[in-house]
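Structural features, examined
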Amino acid sequence: MAEWSQSSEDNKLVAQKTFVAKPGEVDQKWFVVDATDLIVGRLAADIAVILMGKKRPTYTPHIDTGDFVVVTNAEKVAFTGKKWTNKEYTWYTGYTGLRKETAEKRLEKKPEMILQEAVRRMLPKNKLGRKMLSKLKVYAGESHPHQAQNPEAIELGKKIWLMRRAENAKREFIQTTI
């Protein structure tokens, strides 16, 4: 796709090419997220956007332009409402009957799988989506083995208006106490 613009010299029309990223051309960063008390769906949506690279100006749909994300404290995520008891994860084993378990039981067995499945379902359902998902590293505890990559700490999964409301409430509280 070319966009035409007028050059300043000689009044000639010059084609401006649309940038398309090529494999291996994108520098991938590492981010670390603390999942303590964050809502699963909001956090998963933000992680999926980073894994796909949609926040980058060089985003190209058919190329993996995303970054690596390391999530710690996956066992401390939160659900809204009664999802801990009502939400069921189902899968087919190849035998008759469908296997299912609640989110509460999955948290006891494999807490990393709650967040990993939520992110997987928000990514493309193809080879590229599987490659993007391999850049997600989820750990139940505080520590992770990726310190050598110098991951940058970021805050995800929070609504901006909610954070602003909390900051305003904090300011009002400080002003009333002074």
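Now for a look at the structure at hand. (Residues numbered from 1 in each chain as written. Predicted model: local features only at pLDDT ≥ 70, side-chain atom pairs only at ≥ 80, totals over all residues. Heavy atoms only, no water.)

If you trace the backbone, S143 turns up in the loop between β7 (136–138) and β8 (152–153). Of the residues examined, S143 reaches a relative accessible area of 58% and is grouped as exposed. C-alpha of S143 to C-alpha of N73: the two residues are 70 residues apart in sequence and 8.4 Å apart in space. (Helix = DSSP H or I, 4+ residues; strand = E, 2+ residues; numbered from the N terminus. Buried < 20%, exposed > 50% of the residue type's maximum accessible area, 1.4 Å probe, protein only.)

Here we come to the nonpolar core. In terms of nonpolar packing, the biggest core is built from 30 residues, with L43, I47, V69, V71, V119, L123 and L136 touching the most fellow members. Mapped by element, the contributors of at least two residues to this core are β3 (30–34), α1 (40–52), β4 (68–72), α4 (111–120), α5 (127–133) and β7. Here this core gets eight residues from one element, more than from any other, and that element is α1. Among all residues touching L43, those that are not within four sequence positions of it are V33, A35, L38, L115, L156 and G157. (Core = buried A, V, L, I, M, F, W, Y, C linked by side-chain atoms within 4.5 Å. Contact = heavy atoms within 4.5 Å.)

Further remarks concern the sheet that holds β7. The four strands lie next to each other as β7-β4-β3-β8, forming an open sheet whose pairing is parallel. The sheet terminates laterally at β7 and β8, the two strands that pair on one side only. Where β3 lies against β4, five bridges are found, and the strand directions are parallel. In the strand pairing of β4, W30 is matched with F68. Across the sheet, α1 touches β3, β4 and β7, and the angle it forms with β4 is around 155°. (Pairing = 2+ DSSP bridges. Axes fitted to C-alpha atoms, helices over the stretch in contact; angles between N-to-C directions.)

Another point: the pattern of salt bridges. Overall, the coordinates contain six salt bridges when judged by the stated rule. Between R56 and D67 there is a salt bridge; the shortest N-O distance is 2.4 Å. Placement of R56 in the loop between α1 and β4 and of D67 in the loop between α1 and β4 is noted, with a sequence separation of 11 residues between them. Given the relative accessible area of 7%, D67 is considered buried. Across the pair R121 and E117 runs a salt bridge, and its minimum N-O distance is 3.5 Å. (Salt bridge = Lys/Arg side-chain N within 4 Å of Asp/Glu carboxyl O.)

Counting along an α-helix, one turn takes 3.6 residues, and residues three or four places apart therefore face a common direction. Between the first and last C-alpha of α1 there are 18 Å, a value that for 13 residues agrees with the 18 Å anticipated at 1.5 Å per step. V40, L43, A44, I47, A48, I50, L51 and M52 are the residues of α1 that are buried. At its buried positions, α1 is contacted by β3, β4, α4, α5 and β7. Directly after α1, the chain includes G53, whose backbone phi takes a positive value near 85°. (Expected span 1.5 Å × (residues − 1).)

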